[in-house]
Amino acid sequence: MSSSPMSPADAGPWTGRRRLAAVGAAAALLWSLCPSPALAGPVAAPEREGHVMTRPEALLPMGFGKQSSRSSTLKRYLRWADAYGFRVSEHPSYGGVTRGAHASRSWHYDGLAADLNWGPPGAPASERTNVRFAIKVANSLGLGVIYARDGTVGSAADHRSHLHVDVGSTSNYGRGLVRVPEGQRRTQSLQGAAHFPWAQRDNLWGTNTDKRLQAIRAASRMHGTKFPYGVKLAQRAVGVTADGKWGPKSRAAHDRTVAAVQRAISVSPTGIWGPVTERTYLKVRAKLR
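Residues numbered from 1 in each chain as written. Predicted model: local features only at pLDDT ≥ 70, side-chain atom pairs only at ≥ 80, totals over all residues. Heavy atoms only, no water.

1. Here's the deal with the nonpolar core
Formed by 29 residues in total, the largest nonpolar core has its most connected members in Tyr77, Leu116, Leu163 and Val165. Of all the elements in the fold, those that place two or more residues in this core are helix 3 (71-84), strand 5 (113-117), helix 4 (125-141) and strand 7 (163-166). Per-element tally for this core: the top contributor is helix 4, with 6 residues. Setting aside residues no more than four positions away along its own chain, Leu116 makes contact with Tyr77, Leu78, Ala81, Phe86, Arg87, Val88, Ala134, His162, Leu163 and Val165. With 18 residues, the next largest nonpolar core counts Ala193, Ile265, Trp273 and Tyr281 among its residues. (Core = buried A, V, L, I, M, F, W, Y, C linked by side-chain atoms within 4.5 Å. Buried < 20%, exposed > 50% of the residue type's maximum accessible area, 1.4 Å probe, protein only. Helix = DSSP H or I, 4+ residues; strand = E, 2+ residues; numbered from the N terminus. Contact = heavy atoms within 4.5 Å.)

2. Thoughts on the side chain of Asn130
Here Asn130 is to be found in helix 4. Take Asn130: its relative accessible area is 14%, and that puts it in the buried class. Setting aside residues no more than four positions away along its own chain, Asn130 makes contact with Tyr84, Phe86 and Trp118.

3. Overview of unusual backbone geometry
One non-glycine residue, His195, lies in positive phi territory at about 65 degrees. As for its position among the elements, His195 is in the loop between helix 5 (186-193) and helix 6 (207-218).

4. Remarks on the pattern of salt bridges
In the structure shown here, the tally under the stated rule is 6 salt bridges. Arg149 serves as the salt-bridge partner of Asp150, at 2.9 Å between the closest nitrogen and oxygen. Here Arg149 falls in the partly exposed class, since its relative accessible area comes to 26%. As a salt-bridge pair, Glu278 and Arg217 come within 2.5 Å of each other at their nearest N and O atoms. Taken together, the residues Glu278 in helix 9 (residues 275-288) and Arg217 in helix 6 connect sequence positions 61 residues apart. Judged by its relative accessible area of 10%, Glu278 is buried. Overall, Arg217 belongs to the buried group, its relative accessible area being 17%. Among the charged side chains, a salt-bridge network with shared partners connects Asp210, Arg285 and Arg289. (Salt bridge = Lys/Arg side-chain N within 4 Å of Asp/Glu carboxyl O.)

Worth remembering: the numbers are spatial, not functional.
Here it is in structure tokens:
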């Protein structure tokens, strides 16, 4: 059944110029509400603290500054930072949050952001050196940071003497917003399995991490209970007193440590270093070191 064209009288006001004007207004409204698609590189303007992304006097559309990391990842990072020697503040678990010091919807109040300082107030050379390292650790875990490392664009201007870290999807190193790199925390889990103290669980696979994990691997029955870095280092890796004597206690501790390593690399925790553990560990090692 066909219908006759609508007459101007039937169309009412939605004709001609009025229809075009309405369409144009709707398009303009949608454009104003859509976030910019170009956040792949540095952006000089919009900044955020926690949930809130602000221009000098305006609120940006939602879609910026969304959470991209788990709160547990931030907690593990702060535990490392505190043990390493940083002063952690503006977090519920580290002295509380100063009311009114942050935007009303700041992630600080939710325990999803914190501030780090090194040494006395101010920005001595030692602080900048240590903060740069803390940024590297945060990047490895996929956490967002704000710090005037490379300049003072946007919110970095207010973060010259302390590091802000949060669970957001963007960072500002001083030149504007950039996306947070994809992180992982498997290295930190392996460092925990190898009995590193918290100050050394930096989630970075360096020489010491490699030696301990290789010592655990070599001490397995599969590899003939060997000690390429000495018995004492192997004992420290499995969490027993380093007396240089590999006896029943060391062996039992080794098997428990292997189970922890297996959990960290998503292998069934049997406590026995076998072919499956070997293949999976070597793949993880090749990817992360």
